[in-house]
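Notes for the structure review
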Amino acid sequence: MTITIQLPLTLESIKPLQAGDVFLLTGRLLTARDAAHKRLIAELESGQKPPIDLKDETLYYVGPAPAKLGQPLGPAGPTTSGRMDPFTPQLLKLGVRGLIGKGYRSDRVKQALIEHNAVYFAAVGGAAALLARQITSAEVVAYADLGTEAIRRLEVEDFPVIVVNDCHGGDAYADGRKQFEIIHE
Amino acid sequence: MTLRQLSVRHIETAVQELIKESAYKLPADYLAAMRAAEEREASKTGRIMLTTLLDNADYAEVEQIPTCQDTGMAILMLEIGQDVHLVDGNLTDAINAGVRAGYADLRKSVVGDPLERTNTADNAPAIIHTDIVPGNKVTLTLAMKGFGAELMSRMQMFPANGGVEAVKAFVIETIELAGPNACPPVIVGVGLGSSFDGVGLLAKKALMRPLGQPSPKPHLAQLEQELLNSINDLGIGPQGFGGTVTALAVHIESFATHIAALPVAVNLNCSAPRRATVVL
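Further remarks concern the overall build of chain B. Looking only at helices and strands, chain B features 8 helices and 10 strands. What you see for chain B is a C-alpha radius of gyration of 19 Å, in line with the 19 Å of a compact globule of 280 residues. Overall, the C-alpha framework of chain B stretches about 55 × 50 × 40 Å when taken along its three principal axes. Residue burial in chain B is summarised as follows: out of 280 residues, 55% are buried. Considering only contacts within chain B whose residues lie at least 6 apart along the sequence, 81% involve residues at least 24 apart. Treating the 22 positive side-chain charges of chain B as one cloud and the 30 negative ones as another, the clouds have centres 1 Å apart.

Encoded structure:
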């Protein structure tokens, strides 16, 4: 039986999470990918207040497909997280508690996860149709002009993720590979 | 061979139909390879990832929704018979009209300028490659190329005497750098030879070859198998969580090259390798 974690995350709820653990997420999160990150950071650097409060938020790196009639959102799987790396430490400093994407993070991001007590999850890349089934509502809350790259508020229910980098330095990609790599001398 | 007239309107419709059918349905040869991978994957987490991706493919087909939100940029490869006369307008415009219609309900993933980065809002333009071939038919191959894997693709101009060792090291290094980013298990398209411009296209064409078909050139078929084994020994596994299936196949396409050089390109395809071909 997979454990369900409530969103928004809290300091207490993320502390026990270990790299490699599988969870279901239920609650609210925000979407943001390349263009939204760039604009958000540019606004912050020019001294503006961010358009949404980021404290304890979970950011999902996704550019969803358009919704079919009667559905909240179209297929919505994770995009490659590494492209957000240059911006991520600043957002963690503002209180972002969780990140969802796929792929490697930089050493700087992994360090910032430890420093600010945050967690990086992966969702299954390419399983966008199934993941969309776990999204119960979607609403654009900032940067509507960015289309698929706008910031959306999503409500999710039993949204499956794996902890990649926990707040203690654990790394599921490194651990997994170590177990199966065959080294030829 | 008699000269044949073909309306570009037929090409426009064919492009639209290929997009519709590829967005919701992954190729049968790919799904068969994934089911075989699910059988042999040694990692439990890895098997769960493969099962999830197969379930996702089934669900998308039943619901008629895209398998992946990134329905890519449209890449069209045309083999145009030299005895075909294309009529009723401009071929490029017709292909792009087909792309706009095909992507109407799909994500718009194209920006008009790589630096200014404003979304074109209709997923046009397509990337179009044409070959003139004998005959009076037009063969149209579509790739809806996701850019998670495209971004992890690489090319390198090695000197003439780099040899097969340089090729192997470069391919392996590319897969290691890509890791989980390219949504493994990946399909690896390798271009060897030609020139700087040509080698990338060879790698792309290698990705268009159905799975389960080794290169007809024996030395390349052997290299494909050898590279596949080395890649799977890396242990990256499905979605990068560790495992024995990191790639489903390595395909190599080659062409003559200059006495000075050994060009190599590695183009990756992800867990949503959408491609389709039609002959008009």
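There's plenty left to go through after this.
The next thing to look at is the interface of chain A and chain B. Contacts between the two partners involve 37 residues from chain A, matched on the other side by 41 residues from chain B. Around 3,100 Å² of area is buried between chain A and chain B when both sides are counted, 62% of it from carbon and sulfur atoms. When residues of chain A are sorted by the area they lose upon contact with chain B, Y104, R177 and F180 of chain A head the list and together hold 20% of the total. Joining chain A to chain B, the criterion identifies 1 salt bridge. Between R177 of chain A and E176 of chain B there is a salt bridge whose closest N-O contact spans 2.6 Å. If you look at where chain A meets chain B, you find 14 residue pairs in polar contact (both at pLDDT 80 or more). The biggest single contributor to the side of chain A that touches chain B is helix α6 (residues 172-180) of chain A, with 5 residues. Per-class residue counts for the side of chain A that touches chain B are 20 nonpolar, 10 polar and 7 charged.

What follows covers the packing of aromatic side chains. Taken as a whole and assessed by the stated rule, the structure comprises 4 aromatic pairs over all chains. Look at Y104 of chain A and Y173 of chain A: their rings are 5.8 Å apart centre to centre, the planes differ by 85°, and that puts the pair in the edge-to-face class. On the criterion of sequence distance, the pair formed by Y104 of chain A in the loop between β4 (98-101) and α4 (107-115) and Y173 of chain A in helix α6 is long-range, its members being 69 residues apart. Judged by its relative accessible area of 29%, Y104 of chain A is partly exposed. On the basis of relative accessibility, which here comes to 5%, the residue Y173 of chain A falls in the buried class. Seen from their ring centres, Y173 of chain A and F241 of chain B are 5.1 Å apart, and the 35° between their planes marks the pair as tilted.

Residues and elements named next belong to chain B. Interhelical geometry of helix α2 (residues 28-40) versus helix α3 (residues 44-63) gives an angle of 150° and a closest axis separation of 9 Å. With respect to α3, the element α2 is oriented roughly antiparallel. For the element pair α2 and α3, the recorded crossing hand is left-handed. Mapping the contact onto sequence places L31, M34, R35, A37 and E38 in α2 and R47, L50, T51, L53, L54 and A57 in α3. Here the contact of α2 with α3 is built from residues that sort into 7 nonpolar, 1 polar and 3 charged.

All names here are of chain A. In total, this model carries 26 salt bridges over all chains according to the counting rule given. Between E149 and R33 there is a salt bridge, with its nearest N and O atoms 3.4 Å apart. In this pair, E149 sits in the loop between β6 (135-142) and β7 (151-165) while R33 sits in the loop between β2 (22-31) and α2 (34-45), placing the two residues 116 residues apart along the sequence. Note on E149: relative accessible area 19%, which makes it buried. In this structure, the salt-bridge partner of D56 is R97, at a minimum N-O distance of 3.0 Å. Highlighted residues: D56 in the loop between α2 and β3 (58-60) and R97 in the loop between α3 (88-93) and β4, separated in sequence by 41 residues. Taken individually, D56 and R97 each receive the classification buried, so the pair is uniform in this respect. Because the salt bridges share partners, they merge into one network encompassing R33, D34, R83 and E149.

There is a patch of nonpolar side chains on the surface, built from M155, M157 and F196 of chain B and spanning about 290 Å² of accessible area. Mapped onto the elements of the fold, M155 of chain B is located in strand β6 (residues 154-159).

Right, let's get into the state of the cysteines. Residues and elements named next belong to chain B. Throughout the structure, instances matching the rule amount to 0 disulfides over all chains. C270 provides the cysteine sulfur closest to C183, a residue in no disulfide bond, and the two sulfurs are 6.0 Å apart. The exposure class of C270 is buried, given its relative accessible area of 9%.

Before going further, it helps to examine the environment of P16 of chain A. On the secondary structure map, P16 of chain A appears in the loop between α1 (11-14) and β2. Each C-alpha atom, one on P16 of chain A and one on H168 of chain A, is 9.4 Å from the other, the two residues being 152 residues apart in sequence.

On to the sheet that holds strand β9 (residues 261-269) of chain B. Strand pairing in a sheet relies on backbone hydrogen bonds, with the paired strands running either antiparallel or parallel. Residue and element names in this part refer to chain B. If you trace the 4 strands from one edge of the open sheet to the other, you get β6-β9-β7-β8, paired in mixed fashion. Edge strands, defined here as strands with exactly one partner in the open sheet, are β6 and β8 (247-257). Strand-to-strand twist across the sheet, computed as the mean angle between neighbouring axes with direction ignored, equals 15°. Running at roughly 145° to strand β7 (residues 186-194), helix α7 (residues 196-208) makes contact with β6, β7, β8 and β9 of the sheet. In the packing of helix α8 (residues 218-232) onto the sheet, contacts are made with β7 and β8, and the angle to β8 comes to roughly 140°.

What follows covers the domain arrangement of chain B. Residues and elements named next belong to chain B. On domain assignment, one finds that chain B holds domain 1 (4-24 + 67-145) and domain 2 (148-273). The C-alpha-based centres of domain 1 and domain 2 are spaced at 25 Å. On the side of domain 2, 12 residues touch domain 1, which itself brings 11 residues to the contact. Taken together, both faces of the contact between domain 1 and domain 2 bury some 760 Å²; the carbon and sulfur share is 69%. Looking at the side of domain 1 facing domain 2, the largest losses of area belong to M77, H129 and K145, adding up to 59% of the total buried there. At the boundary of domain 1 with domain 2, the tally comes to 2 salt bridges.

Criteria and thresholds
Residues numbered from 1 in each chain as written. Chains lettered and ligands numbered in written order. Predicted model: local features only at pLDDT ≥ 70, side-chain atom pairs only at ≥ 80, totals over all residues. Heavy atoms only, no water. Helix = DSSP H or I, 4+ residues; strand = E, 2+ residues; numbered from the N terminus. Rg over C-alpha atoms; globule rule 2.2 N^0.38 Å. Buried < 20%, exposed > 50% of the residue type's maximum accessible area, 1.4 Å probe, protein only. Contact = heavy atoms within 4.5 Å. Lys, Arg positive; Asp, Glu negative; His and termini not counted. Charge placed at Lys NZ, Arg CZ, Asp CG, Glu CD. Buried area = accessible area lost by both parts, 1.4 Å probe. Salt bridge = Lys/Arg side-chain N within 4 Å of Asp/Glu carboxyl O. Polar contact = N/O pair within 3.5 Å; in protein donor to acceptor, adjacent residues only side chain to side chain. Nonpolar A, V, L, I, M, F, W, Y, C, P; charged D, E, K, R; others polar. Phe/Tyr/Trp six-rings, centres within 6.5 Å; stacked < 30°, edge-to-face > 60°. Axes fitted to C-alpha atoms, helices over the stretch in contact; angles between N-to-C directions. Parallel < 35°, antiparallel > 145°, perpendicular 65-115°, else oblique. Left-handed = near helix turned anticlockwise from the far one by under 90°. Patch = residues over 30% accessible without salt bridge, like charges linked within 9 Å, V, L, I, M, F, W, Y side chains within 5 Å. Areas by Shrake-Rupley, 256 points an atom, 1.4 Å probe, with all protein chains shown as cover. Disulfide = S-S within 2.5 Å. Pairing = 2+ DSSP bridges. Domains from an automatic or database assignment.

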